[in-house]
Amino acid sequence: MLKDVLSRWPVFRQIQTGANGNGAESWSERTRNLKPKTAGCEVSRSICLYCAVGCGQLIYHRAGKLVSVEGDPASPISRGHLCPKGANTYQLHTHPGRFTKVKYRRPFAKDWEDIPLDTAMHMIADRVWESRESCFEETKDGQSLMQTKAIAHLGGATLDNEENYLLKKLFTGGLGMVCVSNQARI
Ligand code: SF4
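Every chain begins its residue count from 1, and numbering advances along the sequence as written. Whole-chain, interface and lining totals are the exception, using all residues; otherwise, since this is a predicted model, local features are given only for residues with pLDDT of at least 70 and side-chain atom pairs are given and counted only at 80 or more.

Caption draft 1: Representation of the domain arrangement of the chain. Domain extents, as shown, originate in an automatic or database domain assignment. For the chain, the assigned domains read domain 1 (2-32), domain 2 (42-94), domain 3 (99-135) and domain 4 (137-186). Relative to domain 4, the C-alpha centre of domain 1 lies at a distance of 65 Å.

This is the structure in structure tokens:
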């Protein structure tokens, strides 16, 4: 009886086993029963969307809800590691402070206002088209050119491969823009 009580005491277990107190002998009952927050989750493989390094990520989810995003030890690029940005991918999706509305600051205004996404998209489309129409060069020195240098696009590192492909198709192939780059290249 006394031995049972004492054996629940980490120091007693340490003395009994001669261990250094860094292992299982120092665990409390509560610690012994702890489970990782990802226990029972489904796991999907992905790639960090922040920069061109492309570190491997494991996306843990349960019942359609994101639980955790961690480094993928099987990735030959990152071997389970993520930098501070990549390690915070979970917050990118879940942080209550993230912006979910379009912010617009009118010319000469001091404050930002929220505008509907549809309105913002139409405003951007109108401006892109007006700029293209006013500066499009169809020819130069008798040669076909079909380009505009009046509009430039700088993509962010959170754009994925598919989005970048579509951007390049639209801007270069569709609109004739030649100034298209990405922050991950800078
Ligand atoms: S942002 Fe960090 S974790 Fe993400 S791909 Fe780049 S180096 Fe890797």
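Back to the write-up after that little detour.
Caption draft 2: Region of interest: the environment of Thr100. Helix and strand assignments follow DSSP, with helices taken as H or I runs no shorter than four residues and strands as E runs no shorter than two, numbered in order from the N terminus. Mapped onto the fold, Thr100 is located in the loop between α5 (89-94) and β4 (102-104). Along the backbone, Thr100 and Asn182 are 82 residues apart, and their C-alpha atoms lie at a distance of 23 Å.

Caption draft 3: Molecular detail of the environment of Thr94. Within the element layout of this structure, Thr94 appears in helix α5. Sequence-wise, Thr94 and Ala157 are 63 residues apart; in three dimensions their C-alpha atoms are separated by 19 Å.

Caption draft 4: Representation of the pairing of strand β2 (residues 56-62). When DSSP locates at least two bridges between a pair of strands, those strands are taken to pair. With six bridges joining them, strand β1 (residues 42-47) and β2 adopt antiparallel strand pairing. Across the sheet, Ser44 pairs through a bridge with Ile59, a residue of β2. Of the strand pairs in this sheet, β2 and strand β3 (residues 65-71) are connected by six bridges, and their pairing is antiparallel. Considered in β3, the bridge of Tyr60 is made with Ser68.

Caption draft 5: Seen up close, the site of the ligand. The full set of residues close to the ligand is Cys48, Tyr50, Cys51, Val53, Gly54, Cys55, Ser78, Leu82, Cys83, Lys85 and Gly86. For the shell around the ligand, the per-class residue count stands at seven nonpolar, three polar and one charged. By definition, a residue lies near a molecule or strand when the C-beta atom built from its backbone is within 6 Å of it. Gly is placed with the polar residues, together with every amino acid not listed as nonpolar (Ala, Val, Leu, Ile, Met, Phe, Trp, Tyr, Cys and Pro) or charged (Asp, Glu, Lys and Arg).

Caption draft 6: The arrangement of helix α6 (residues 117-135) in detail. Under the convention used throughout, the expected extent of a helix is 1.5 Å for every residue step, that is, one less than its residue count. End to end, α6 covers 27 Å across 19 residues, agreeing with the expected 27 Å (1.5 Å per residue, within 8%). Judged by how many residues are buried, α6 sits mostly at the surface: zero of 19 residues are covered. The burial label depends on the number of other C-beta atoms within 10 Å of a residue's C-beta. Counts of 20 or more mean buried, 12 or fewer mean exposed, and intermediate counts mean partly exposed, with C-beta atoms placed from the backbone.

Caption draft 7: Main features of the sheet that holds strand β7 (residues 143-155). Read from one edge to the other, the open sheet built from three strands follows the order β6-β7-β8, with strand pairing classed as mixed. Because the sheet does not close on itself, it has two edges, and the strands there are β6 (137-140) and β8 (177-182). Averaged over all pairs of adjacent strands, the angle between strand axes in this sheet comes to 40°, irrespective of strand direction. Inspection of the sheet shows β6 paired to β7 by three bridges, in the antiparallel sense. Within β7, the position partnered with Thr139 by the bridge is Ser144. Whether two residues are in contact is decided by their C-beta atoms, placed from the backbone, lying within 7 Å. Interaxial angles span 0 to 180 degrees and are taken between N-to-C directions of axes, which are lines fitted to C-alpha atoms, for helices over the stretch in contact. Packing of helix α7 (residues 161-174) onto the sheet brings it into contact with β7 and β8, and relative to β8 it is tilted by some 160°.

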